[in-house]
Amino acid sequence: MKRYLIFLFAIPLFAGIEHLSLQQALGMLEKNNLELKISQFESQMKMYEAKAAKGHNYGTLDATVSAMRSNDAGNVFGFKLQSREAKLADFGFDTETVTEFMSGNYEYEPYDLNYPEARNHYQTKLSYMLPLYTGGKLTEYGRITQSLYRMSQYDTQKLLNEKIFQTKKAFYDISLVENYIYNLSKIMQNIDKLEAVVRSMYKEGYAQNIDVLEVEARKAEAQSMLNQAKLNKDLAYQFLSFLLNTEVSSIRKIDEMARMPQINTAEIESNNIDIQKALLGLQITQMALNVEKSNFLPMVGAFAEYGSADNRLWNEFLDKDAYTFGVQFKWNLFNGGVDAANLEKAKVNYLKVQDQVALAKSGIALQVKKLQTEILSKSSDVKNYKKQLSFAKKVYENYHARYKEGLVSISDLLMKQSKELEMLLKLLTVENERNTKIFELNSILNTGGNV
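Within each chain, residue numbers correspond to sequence positions counted from 1 in written order. In view of the model being predicted, local features appear only for residues whose pLDDT reaches at least 70, and side-chain atom pairs are presented and counted only at 80 or more, with totals across whole chains, interfaces and linings using the full set of residues. Note that the side-chain values use all heavy atoms of the structure and ignore hydrogens as well as water.

Quick look at the overall build of the protein
So the rule is basically this: Every helix listed is a DSSP run of H or I at least four residues long, and every strand listed is a run of E at least two residues long, numbered separately from the N terminus. The classification of residues rests on relative accessible area computed with a 1.4 Å probe and restricted to protein chains. Under 20% of the type maximum is buried, over 50% is exposed, and intermediate values are partly exposed. Any two residues whose heavy atoms approach within 4.5 Å are treated as being in contact.
The helix and strand inventory of the protein stands at 12 helices and 4 strands. Over its C-alpha atoms, taken along the principal directions, the protein stretches across nearly 155 × 70 × 35 Å. Across the 451 residues of the protein, 36% fall into the buried class. Long-range contacts, defined as pairs at least 24 residues apart, comprise 84% of the intrachain contacts of the protein with a sequence gap of at least 6.

Brief notes about the packing of helix α2 (residues 22-32) against helix α7 (residues 137-204)
Stated precisely, the cut-off is as follows: Between N-to-C directions, angles span 0 to 180 degrees; the directions come from axes that are lines fitted to C-alpha atoms, helices contributing only their stretch in contact. Left-handed describes a crossing in which the near helix is turned anticlockwise from the far one by less than a right angle; the clockwise case is right-handed. Residue classes follow a fixed rule: Ala, Val, Leu, Ile, Met, Phe, Trp, Tyr, Cys and Pro count as nonpolar, while Asp, Glu, Lys and Arg count as charged, and any other residue, Gly among them, counts as polar.
With their axes 10 Å apart at the nearest point, α2 and α7 run at an angle of 145° to one another. When the axes of α2 and α7 are compared, the crossing they make is right-handed. When α2 is examined against α7, the residues L22, A25, L26, L29 and E30 are found in contact with a partner set consisting of L160, K163, I164, T167, K168 and F171. Of the residues assigned to the contact of α2 with α7, the class counts are 7 nonpolar, 1 polar and 3 charged.

Some thoughts on the packing of aromatic side chains
The condition that has to hold: Stacked, tilted and edge-to-face are the three classes assigned to paired rings of Phe, Tyr and Trp, where Trp is represented by its six-membered ring and a pair needs centres within 6.5 Å; plane angles under 30 degrees give stacked, over 60 edge-to-face, the rest tilted. Think of it as a cone above the ring: NZ of Lys or CZ of Arg counts as a charge over the ring if it is within 6 Å of the ring centre and within 35 degrees of the ring normal.
What the rule picks out here adds up to 5 aromatic pairs. Pairing Y306 with F317 gives two aromatic rings, centres 6.3 Å apart and planes at 65°, and the pair type is edge-to-face. Separated by 11 residues along the polypeptide, Y306 in strand β3 (residues 299-310) and F317 in the loop between β3 and β4 (321-330) bring together distant segments of the chain. The aromatic ring of Y154 is capped on one face by R150, whose charged end is 4.3 Å from the ring centroid.

Re the sheet that holds strand β1 (residues 60-70)
The condition is simple: In this description, strands pair whenever DSSP reports at least two bridges between them.
The sheet built from 4 strands is open, its strands ordered β1-β2-β3-β4 with antiparallel pairing. Each edge of the sheet is formed by a strand with only one pairing partner; in this case those strands are β1 and β4. If you compare each strand with its neighbour and ignore which way they point, the axes differ by 20° on average. Inspection of the sheet shows β1 paired to strand β2 (residues 119-133) by 11 bridges, in the antiparallel sense. Its bridge partner lying in β2, T64 is registered against K125. The strands touched by helix α4 (residues 73-82) within the sheet are β1, β2 and β3, with β2 carrying the most contacts at an inclination of about 65°.

Thoughts on the pattern of salt bridges
The following threshold applies: The term salt bridge refers to a pairing of a side-chain nitrogen on Lys or Arg with a carboxyl oxygen on Asp or Glu at a separation within 4 Å.
For the structure on display, the rule yields 23 salt bridges. The partner of D310 in a salt bridge is K320, with the nearest N and O atoms 2.1 Å apart. Taken together, the positions of D310 in strand β3 and K320 in the loop between β3 and β4 put the pair 10 residues apart, joining distant regions of the chain. Accessibility classification places D310 together with K320 in one group, the buried group. For K419, the salt bridge is made with E422, and the minimal N-O distance between the two is 3.9 Å. Here the residue K419 and the residue E422 both occupy positions in helix α12 (residues 410-445), the gap between them amounting to 3 residues, near one helical turn. A relative accessible area of 39% means that K419 is categorised as partly exposed. Salt bridges sharing common partners tie together E85, R119, D310, E316 and K320.

Regarding the environment of I273
Looking at the element boundaries, I273 is found in helix α10 (residues 273-294). According to the relative accessible area criterion, I273 is buried, its value standing at 6%. Along the primary structure I273 and R69 are separated by 204 residues, whereas in three dimensions their C-alpha atoms are 64 Å apart.

Some points on the packing of α7 against helix α8 (residues 209-244)
As a reminder of what qualifies: An angle counts as roughly parallel when it lies under 35 degrees, as roughly antiparallel when it exceeds 145, as roughly perpendicular when it falls between 65 and 115, and as oblique in every other case.
Between α7 and α8, the least distance of the axes is 9 Å, while the angle of their chain directions is 160°. As far as their axial angle goes, α8 and α7 are roughly antiparallel. The element α7 and its partner α8 pack so that their crossing is left-handed. Taken together, the residues that form the contact of α7 with α8 break down as 23 nonpolar, 6 polar and 11 charged.

What to know about the side chain of N272
Take N272: it is sitting in the loop between α9 (265-271) and α10. The contacts of N272, once residues within four sequence positions are left out, are E267, I364 and I444.

Here we look at the pairing of β2
In this sheet, β3 lies alongside β2 in antiparallel orientation, the contact comprising 11 bridges. When the sheet's bridge partners are listed, Q123 is paired in β3 with A309.

Listed below in structure tokens is the structure:
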């Protein structure tokens with residue numbers, strides 16, 4: 001009994017969300033979808049790249065602590081100079097050396113200068129380097145990385161629009177297949193009633209065994225279609241659960257068809273993601289062109305160093321400190337025409353991207369018109385198939401009554417029922433196609449909101 005109660009209470013923990021509405025699903029989509037999360041992480045990395053590029057304008061400050069020990073004559077002499085401890089004796093001017101020099105021995109070698117004792121050397125230094133003028137190169141690099149960050153946001157927005165499209169389509173697909181299952185179940189009920197009538201007539205001698213077999217075959221065919229529809233429904237729920245990264249057991253069915261959006265040409269150009277990306281790409285190519293132009297300008301940088309050295313770490317730091325600062329001017333005068341070739345390449349690329357922007361605008365406008373035409377065509381088909389379905393149902397009912405009176409054969413009756421099922425399938429298919437076109441159009445119009 002205890003095991004049964006534990007299992008009973010554990011069921012809700014594994015059950016999916018029930019009666020999920022489309023608005024709730026769209027809210028969950030932005031928070032939970034794994035592809036969107038990955039895209040947002042990539043966008044964040046672009047943001048930090050932009051910050052890193054901006055940081056180059058402020059230069060670099062390095063702290064260096066060196067610890068050395070050497071008995072090399074040049075090193076030891078240099079260590080003493082850096083430590084401000086050099087004496088005349090270190091240059092070889094001791095009493096013995098001076099006496100030998102005065103006696104005319106100009107080749108006397110001072111031993112302590114050539115063979116000094118090993119010495120420790122500790123040096124602490126702060127170094128600061130600052131670019132003063134780069135011909136606009138650093139500024140353009142900063143603008144490029146900032147624009148690439150914005151481009152990544154556009155990519156995330158486009159992905160969001162795609163996932164909104166897929167989520168809406170999944171909701172409408174599930175609603176349509178449930179409607180199909182409902183209507184198919186009613187047809188199954190009609191077949192059951194027809195089977196009962198045929199069997200009754202067969203017992204009374206008004207029908208043949210082939211009639212019973214034909215009804216049974218039609219019933220098996222309808223049952224197979226019903227099973228396939230249920231499998232498609234389960235698959236649609238699995239895809240919806242994948243999109244939301246959350247198990248979904250049931251949704252609130254959508255009975256109405258998707259509404260046709262309002263079309264405004266000016267808003268299309270200002271909102272469409274592909275057009276915005278193309279325009280931003282044009283700005284980036286202009287920035288890249290400016291970078292190539294900066295190669296013909298000089299570069300100016302400043303540097304400063306401050307530190308102290310001794311044979312003991314940080315000993316008498318302020319007494320032995322030293323500084324160095326300066327400015328460097330650099331201007332490339334010749335590099336074999338490399339910069340000139342790169343500049344011309346950047347100009348050609350800018351012209352190419354200009355045409356790509358024009359192509360994006362005209363291509364999107366054409367795509368919108370094409371979808372509008374297809375949606376209007378599908379809407380007309382929906383009206384026609386609804387009328388044909390209503391007529392097919394009435395014809396079936398008429399033939400069913402005439403079959404009872406022996407005026408038509410069972411084959412004629414089942415043919416009319418097949419026509420009803422055919423019209424139902426055509427109607428649901430064209431409704432699904434119409435909804436898909438509308439969702440595609442909404443995605444192009446960028447009606448899903450900004451990231």
